[in-house]
Amino acid sequence: MITALEALSRLREGNLRFVENQSSALATSNPARRAALLERQEPFAIVLGCSDSRVPAEMVFDQGLGDLFVIRVAGNIVAPSQVGSVEFAASRFGTRLVVVLGHSQCGAVMATLEEVLGGSTTQSSNLRSIVNRVRPSIETMIAGRKVDDLNALARDAVRANVRASTDHLRHGSDSLEKLIRTEDLLIVGAEYSLESGVVEFFDGVPEAD
């Protein structure tokens, strides 16, 4: 299995191909590749991303079958099932890179921001379980802040939510904490731009990278 930094480089290279409309044939299924994956898989990166239909991780990073272990949930939140999924892939497959992938104009984040600012309230108990996980990071972000630029506030909210998720993964799981200490597991946060297609890694990326 490749190192976390090598995996990060592969994701960056793949995203560059995607942005430049030069995606390779890797993302296309073929019988030989499917057959090779029957007995085992070795995904080189784990991606916890949003369920938004505009942000399919395999396409955004120009990767194919067996390359990424993808977990998708509205708002790229971290709940027990998501933590367990990351633990499973990191321990079972030896994958050493975890990416929490948020994106611009995230509906779950925007709904939470509107609620925090005194707008509409989510009535569904199931939807509220998502909003309640996004809300703390946004409340902390806007505490004492003058709300005069909603676009800037929305951008900051997306990143605050990503940081909350990466922090939860780094410090909310004994299994992942051990892999970070002993196996060089790396957990980073990133944001995908719906406008440009570019993924920017902004949280937890080693300075030497």
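Please read all numbers here as calculations on a predicted model, not as lab measurements. (Residues numbered from 1 in each chain as written. Predicted model: local features only at pLDDT ≥ 70, side-chain atom pairs only at ≥ 80, totals over all residues. Heavy atoms only, no water.)

Outline the side chain of Asp67, listing residues and values.
Along the polypeptide, Asp67 turns up in the loop between helix H3 (57-60) and strand S2 (68-72). The exposure class of Asp67 is buried, given its relative accessible area of 11%. Discounting chain neighbours no more than four positions away, the residues touching Asp67 are Arg10, Arg33, Pro43, Phe44 and Ala45. (Helix = DSSP H or I, 4+ residues; strand = E, 2+ residues; numbered from the N terminus. Buried < 20%, exposed > 50% of the residue type's maximum accessible area, 1.4 Å probe, protein only. Contact = heavy atoms within 4.5 Å.)

Tell me about the sheet that holds strand S3 (residues 97-103), and name the residues and values.
Working definition: the strands of a sheet are paired by backbone hydrogen bonds and lie parallel or antiparallel to each other. A sheet is described by the order of its strands in space; here five strands give the open sequence S2-S1-S3-S4-S5, paired in mixed fashion. Sheet topology places S2 and strand S5 (199-203) at the edges, where each strand pairs with a single neighbour. This sheet shows a mean twist of 30° between the axes of neighbouring strands, independent of strand direction. As paired strands, strand S1 (residues 45-49) and S3 are joined by four bridges and run parallel to one another. Following the sheet pairing, Val47 is matched in S3 by Val99. Strands S1, S3, strand S4 (186-192) and S5 of the sheet are contacted by helix H7 (residues 150-171), whose axis makes an angle of about 165° with S4. (Pairing = 2+ DSSP bridges. Axes fitted to C-alpha atoms, helices over the stretch in contact; angles between N-to-C directions.)

Pulling in residues and values, what's your account of helix H5 (residues 107-116)?
Burial analysis of H5 places seven of its ten residues in the buried class, the great majority of the element. Within H5, burial applies to Ala108, Val109, Met110, Thr112, Leu113, Glu115 and Val116.

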